[in-house]
Amino acid sequence: MRERITAEGPNSNRNARNLLITTTLALVSIGLMMVLSASSVELVAAGESPYETFIKQLVWAVMGGAALVVCAFIPFRAYRKLSWLILLGSFALSLLVFSLIGHEVQGNRNWIKIGGFTAQPSEFLKLSLIIWGGAVLARKAKLLGAAKHMFIPVAPGAMIAIALVVAGKDLGTAMVLALIAVALFFFAGASPKLFIGGIIVGAVGTFLAVISSENRMQRITAWLHPTAEGVADGLGYQGAQALYGLAGGGMFGVGIGQSRLKVNWIPEAHNDFVFAVLGEELGFMGALLVILLFAVLAYSIYRISRLAHDLYTTYVCGGILVWIIGQAVLNIAVVTGMIPVIGVPLPFISYGGVLDARPPRRHRCPHLLLPRHRPHKSPYRRPPLRPGAGPAARPDR
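Analysis parameters
Here the residue numbering is sequential within each chain, running from 1 through the sequence in written order. In keeping with the predicted nature of the model, local features appear solely for residues at pLDDT of at least 70, side-chain atom pairs appear and are counted solely at 80 or more, and the whole-chain, interface and lining totals rest on all residues. In computing side-chain properties, one takes all heavy atoms of the structure into account and sets aside hydrogens as well as water. The way it works is that DSSP assigns letters per residue, a run of H or I at least four long becomes a helix, a run of E at least two long becomes a strand, and they are numbered from the N terminus. Note on exposure labels: buried denotes an accessible area under 20% of the residue type's maximum, exposed denotes more than 50%, and partly exposed covers the range between, all computed with a 1.4 Å probe on protein chains only. Should any heavy atoms of two residues lie within 4.5 Å, those residues are counted as being in contact. Note that accessible areas follow from Shrake-Rupley with a 1.4 Å probe, and for residues the cover is restricted to the protein chains shown. Think of a 1 Å grid over just the protein atoms. A cavity is a set of points where a 1.4 Å probe fits yet cannot get out, a pocket is an open set with protein on both sides within 12 Å along at least five of seven lines, and lining residues have an atom within 4 Å of a point. Grid points are joined across faces, edges and corners, and a volume is the space filled by probe spheres set on the points. Each residue gets one of three labels, nonpolar for Ala, Val, Leu, Ile, Met, Phe, Trp, Tyr, Cys and Pro, charged for Asp, Glu, Lys and Arg, and polar for the others, Gly among them. For a helix, the expected span equals 1.5 Å multiplied by the residue count minus one. Paired strands, in this sense, are two strands between which DSSP finds at least two bridges. Whether two aromatic rings pair depends on their centres lying within 6.5 Å, for rings of Phe, Tyr and Trp, where Trp uses its six-membered ring; planes under 30 degrees apart make the pair stacked, over 60 edge-to-face, and the rest tilted. Just to be clear on terms, a salt bridge is a Lys or Arg side-chain nitrogen sitting within 4 Å of an Asp or Glu carboxyl oxygen. The predictor attaches a confidence to each residue, and that confidence, scored 0 to 100, is pLDDT. Any pair of nitrogen or oxygen atoms within 3.5 Å is treated as a polar contact; in protein, a donor-acceptor pairing is required on top of that, and neighbouring residues in sequence qualify only through side-chain atoms on both sides.

A description of the overall build of the protein chain should follow, citing residues and the corresponding values.
The helix and strand inventory of the protein chain stands at 14 helices and 4 strands. Across the 397 residues in the protein chain, those meeting the buried criterion constitute 47%. Contacts in the protein chain between residues at least 24 apart in sequence constitute 72% of all its contacts with a sequence separation of at least 6. Accessible area of the protein chain: about 18900 Å², with a carbon and sulfur share of 71%.

So this is what it looks like as structure tokens:
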């Protein structure tokens, strides 16, 4: 089978490729705008430049674009040949979070820190699982009719990756890794019985991970009973503020930079809950635009996978599609209150790179996360808050 995707002809993927690039650039541009808007006020309050976070995000965007160009010129067969090395390297990086250079963030030990630089190995795990899983399944394509060849070694490899992340108490990333594994088996043609069985096992694992953590159980309770006494200004504080922001945006929003709740009311306004600020400033139409852009992105990736002339490309495209869109769905579901808070960022929109030269901002100015009195009158009702309410985000994902 050919190793490249056709670039010309009646079924050309050129339009899909251009659509993919254009949509990605649009999402990144919106992300830069929202990161600037959501972070500038707290930076000024901390006596820093309002453009500091924006500039860092812009640097990551430029570096990401450069990496895209470099990776585009690497033959696909190189990724296949190096897939085992890539996966084992990601496992080694993930194990480092439990070493002396491991760095704990709000109860989650999923970072490594060397000098002034921090890195999140679990992000490498996502991509490495796709590259490796796709390569293994493509190599065993003629044997996938048997369950043992379908699930071994991909299922054990995915379980190891998930276990490493869960050990660091990052349930949100573990769920994304599980989605990626399910996507690989789906695109590989797993039988319905095996597929459903895998989903049940994953659901049971998630249930056990939830009930094993008191904090996660409390978050479930806060999500199920958002109006209970102490919830709106306790563990449910972040979700409640996000809903107020979305409600305050109305149809067309209050305008870029005019969000009220980003002024120390929504913890992690430029990170996991940036969609709430986006909804308040751009309104329902702006939020809908972002969702449509993700839908177009999904279509472009699906189109490329359909035009592929080799199974490896199809599997990799399927894994990446579910990774990006699945993570976006989880994030938006959290912000809109459809599921409990699990600490999953919104791809292309939320702040942050895999590597960072400074620790997360919430550690440098935690006092900014506490509720403050606002001099203006809110256009929508909100529950009373006690001093010190509103815990910092993502204590246990």
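Please provide a residue-by-residue account of empty space enclosed by the protein, values included.
Considering all chains together, one arrives at 2 cavities of 30 Å³ or more under this definition. Its boundaries defined by the atoms lining it, the largest cavity holds a volume of some 70 Å³. Residue lining of the largest cavity: Ser-94, Val-97, Arg-109, Asn-110, Pro-121, Ser-122, Leu-164, Val-165 and Gly-168, and that is the complete set. If you list the elements that add at least two residues to the lining of the largest cavity, you get strand 2 (108-114), helix 5 (121-139) and helix 7 (154-167). Grouping the constituent residues of the lining of the largest cavity by class yields 4 nonpolar, 4 polar and 1 charged.

I'd like to hear about helix 2 (residues 52-72), residue by residue, with values.
Spanning 21 residues, helix 2 covers 30 Å between terminal C-alpha atoms, matching the ideal 30 Å at 1.5 Å per step. When helix 2 is considered as a whole, its buried residues turn out to be Glu-52, Thr-53, Phe-54, Lys-56 and Gln-57.

Would you mind going over the pairing of strand 2 in detail, with residue names and values included?
Examined bridge by bridge, strand 1 (residues 102-105) and strand 2 share 3 bridges and lie antiparallel to one another. Opposite Gly-102, over in strand 2, you have Ile-112 as the bridge partner. Where strand 2 and strand 3 (residues 117-119) come together, 3 bridges link them in antiparallel fashion. Residue Ile-112 lies in a different strand from strand 3, and its bridge partner there is Ala-119. In this structure, the hairpin formed by strand 2 and strand 3 is closed by a connection of 2 residues, where Gly-115 is found at a positive phi of approximately 65 degrees.

Please give an account of the packing of aromatic side chains that cites residues and values.
Each aromatic ring pair is characterised by the separation of its centres together with the angle its planes make. Tallying each qualifying case throughout the model produces 5 aromatic pairs. Seen in terms of ring centroids, Trp-84 and Trp-132 are 5.3 Å apart; in terms of plane orientation they differ by 80 degrees. Their pairing is edge-to-face. Here Trp-132 lies in helix 5 and Trp-84 lies in helix 4 (residues 83-95), a separation of 48 residues in the sequence. Classification of Trp-132 as buried rests on a relative accessible area of 1%. Grouping aromatic residues by their ring pairs yields a cluster made of Phe-76, Tyr-79 and Tyr-312.

Please provide a residue-by-residue account of unusual backbone geometry, values included.
The bulk of non-glycine residues show a negative phi, and the bulk of peptide bonds are trans. Along the chain, Ile-152 connects to Pro-153 via a cis peptide bond; the corresponding omega equals 10 degrees. As for its placement among the helices and strands, Pro-153 is situated in the loop between helix 6 (147-151) and helix 7.

Lay out the pattern of salt bridges with the relevant residues and their values.
Counted under the stated rule, the structure contains 2 salt bridges. The salt bridge involving Lys-262 is made with Glu-281; its shortest N-O contact spans 3.2 Å. Within this pair, whereas Lys-262 is found in the loop between helix 11 (237-249) and helix 12 (274-307), its partner Glu-281 is found in helix 12, the two being separated by 19 residues in sequence. With respect to class, Lys-262 is no different from Glu-281; both count as buried.

Quick rundown of the confidence of the model for the protein chain? Include the residues and the values.
Do not read the predicted coordinates in detail wherever pLDDT is low. Overall, the predicted model of the protein chain reaches an average pLDDT of 82, with 83% of residues at or above 70. The element-level mean pLDDT for the protein chain is lowest in helix 14 (residues 361-364), coming to 35, with helix 4 highest at 95. Note on residues 1-8: pLDDT is under 50 here. Beyond four places in sequence and across chains, it has 22 contacts. Per-residue pLDDT stays below 50 along residues 355-397; that stretch engages in 120 contacts with residues further than four places along the chain or on separate chains.

Please set out the layout of surface pockets residue by residue, giving values where relevant.
Looking at the second largest pocket, its volume works out to about 840 Å³. For the lining of the second largest pocket, the secondary structure elements donating two or more residues are helix 7, helix 8 (171-187) and helix 9 (192-211). Per-element accounting of the lining of the second largest pocket gives the leading share, 11 residues, to helix 9. Residue composition of the lining of the second largest pocket, by class: 22 nonpolar, 5 polar and no charged.

Explain the side chain of Ser-90 to me, and be specific about the residues and the numbers.
Within the fold, Ser-90 resides in helix 4. For Ser-90, a relative accessible area of 4% translates into the label buried. Within the local environment of Ser-90, its side chain forms a polar contact with the side chain of Ser-128, the two groups lying 3.0 Å apart. Those residues in contact with Ser-90, other than ones at most four positions away along the chain, are Phe-124, Leu-125 and Ser-128.

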